[in-house]
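Results of the structural survey
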Amino acid sequence: MESEEREKAGKQPSDLTDWFWRWTQQQKDYNLNELDIAQLLAANTFGASFNTTVVLVQCLCELATRPKYISLIRQEVIGVLRANNDTWTKEGIDSMKVLDSFIKESHRYNCFDHAGTPRVVKQDFRFKNGLHIPKGTVLMTPNAPMLFDEEYVKDPFEFDGLRFYELANNSRTPEMLRYTSTNPHYLQFGDGKHVW
Ligand code: HEM
């Protein structure tokens, strides 16, 4: 298997199959094989295409019902493309801050994981306030309630496509307000060691 050969040659994983192969080798207790890797790849492809499609469709619906954003976003995209010889580059896309803000607001407003980060507690745990969680409990976090909580989001029931653009402009850590950034009050991409 190519992933195995690459690992033996001391090379870094070059794609998801390599990463999954490396991970299966680390799970000594489970004797995982190529079929498990194929299943992981299929599950990943499903998750990746489902989430991105839902977000994209919601953005298009928001744009259709809020056409004032169309020219703003179009202007930004055209400007960036012109500056990059009419070529799409990662840096160019990263610099589309209005677009990024609109996507983030659309996903906030149409949040589809109302409860997120499902986890199974592996050992009895007691929080500092005395709350006891027994081993085996399934826990989820209140994703949507936080996205509509005035403590974290100003006028949460208003759709504001420039909300995160403006917040970022007034922040010393604007990168924390980009679409794919996470923090304990914004769990749209989950939380925990894999996210960090
Ligand atoms: C807008 C698009 C996406 C959204 C909203 C999204 C959201 C999520 C969420 C909520 C989780 C659970 C995290 C947790 O429980 O802490 C997750 C996990 C995951 N996502 Fe996505 N995702 C998106 C796109 C993608 C794409 C494009 C890929 C791969 C190409 C991907 C790969 C994964 C993988 C591998 C995991 C499992 C991570 C782990 O086990 O810790 N996702 N995603």
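Reference entry: report on the structure contained in this document. This structure is a prediction, so every number in the text was calculated from the model and none was measured. (Residues numbered from 1 in each chain as written. Predicted model: local features only at pLDDT ≥ 70, side-chain atom pairs only at ≥ 80, totals over all residues. Heavy atoms only, no water.)

1. Some remarks on the side chain of Thr117
Inspection of the secondary structure assignment puts Thr117 in strand S1 (residues 116-120). Within the structure, Thr117 has its side chain in polar contact with the side chain of Thr141 (distance 2.3 Å). Residue contacts for Thr117: discarding those within four places in its chain leaves Leu139, Met140, Thr141, Gly190 and Asp191. (Helix = DSSP H or I, 4+ residues; strand = E, 2+ residues; numbered from the N terminus. Polar contact = N/O pair within 3.5 Å; in protein donor to acceptor, adjacent residues only side chain to side chain. Contact = heavy atoms within 4.5 Å.)

2. Topic: the layout of surface pockets
Quantified by volume, the second largest pocket comes out at close to 350 Å³. Surrounding the second largest pocket, 18 residues form its lining, Tyr152, Val153, Arg163, Phe164 and Leu167 being those nearest its centre. Sorting the residues of the lining of the second largest pocket by element identifies helix H6 (97-109), helix H7 (143-147) and helix H8 (163-169) as the ones contributing at least two each. Ranked by the residues each element gives to the lining of the second largest pocket, the list is headed by H8, at four residues. Looking at the lining of the second largest pocket residue by residue, the class counts come to eight nonpolar, two polar and eight charged. (1 Å grid on protein atoms, 1.4 Å probe; cavity = no way out; pocket = protein on both sides within 12 Å on 5 of 7 lines; lining within 4 Å. Points joined across faces, edges and corners; volume = space filled by probe spheres on them. Nonpolar A, V, L, I, M, F, W, Y, C, P; charged D, E, K, R; others polar.)

3. A short note on H6
The end-to-end C-alpha separation of H6 is 18 Å, in line with the 18 Å expected for 13 residues at 1.5 Å each. Within H6, the full set of buried residues consists of Val98, Ser101, Phe102, Lys104, Glu105, Ser106, His107 and Arg108. Here the buried face of H6 lies against helix H3 (34-65), helix H4 (68-83), H7 and H8. (Expected span 1.5 Å × (residues − 1). Buried < 20%, exposed > 50% of the residue type's maximum accessible area, 1.4 Å probe, protein only.)

4. Section: the site of the ligand
Taken together, 15 residues form the shell around the ligand, and within it Asn44, Asn51, Arg119, Asp191 and His194 come nearest. The contact in question runs from a nitrogen atom of the ligand to an N or O atom on the side chain of Asn51, over 3.2 Å. Of all the elements in the fold, those that place two or more residues in the shell around the ligand are H3 and S1. Considering every element that reaches the shell around the ligand, the biggest residue donor is H3, with five residues. Residues belonging to the shell around the ligand are distributed by class as follows: four nonpolar, eight polar and three charged. (Near = heavy atom within 4 Å.)

5. Overview of empty space enclosed by the protein
Taking a probe equal in size to a water molecule and rolling it over the atoms shows the remaining empty space. According to the stated counting rule, one finds one cavity of 30 Å³ or more in the structure shown. Computed from the structure, the largest cavity encloses a volume of approximately 40 Å³. Taken together, Ser3, Arg6, Glu7, Lys11, Gln12, Pro13, Asp18 and Trp21 make up the lining of the largest cavity. If you list the elements that add at least two residues to the lining of the largest cavity, you get helix H1 (2-8) and helix H2 (16-26). Considering every element that reaches the lining of the largest cavity, the biggest residue donor is H1, with three residues. Class assignment of the residues belonging to the lining of the largest cavity gives a composition of two nonpolar, two polar and four charged.

6. Considering the packing of aromatic side chains
Scanning all chains against the criterion turns up 10 aromatic pairs. Judged by centre distance (6.4 Å) and plane angle (50°), the rings of Tyr109 and Phe148 are tilted. In this pair, Tyr109 is assigned in helix H6 and Phe148 in the loop between H7 and H8, connecting sequence segments 39 residues apart. With a relative accessible area of 27%, Tyr109 lands in the partly exposed category. Geometrically, the ring pair formed by Tyr179 and Phe189 is edge-to-face, given 5.2 Å between the ring centres and 70° between the ring planes. Within this pair, whereas Tyr179 is found in the segment after H8, its partner Phe189 is found in the segment after H8, the two being separated by 10 residues in sequence. What links up through ring pairs into an aromatic cluster is the set Tyr69, Phe102, Tyr109, Phe148, Phe157 and Phe159. One Lys or Arg, Arg108, reaches over the ring of Phe148 and ends 5.1 Å from the middle of that ring. (Phe/Tyr/Trp six-rings, centres within 6.5 Å; stacked < 30°, edge-to-face > 60°. Lys NZ or Arg CZ within 6 Å of the ring centre and 35° of its normal.)

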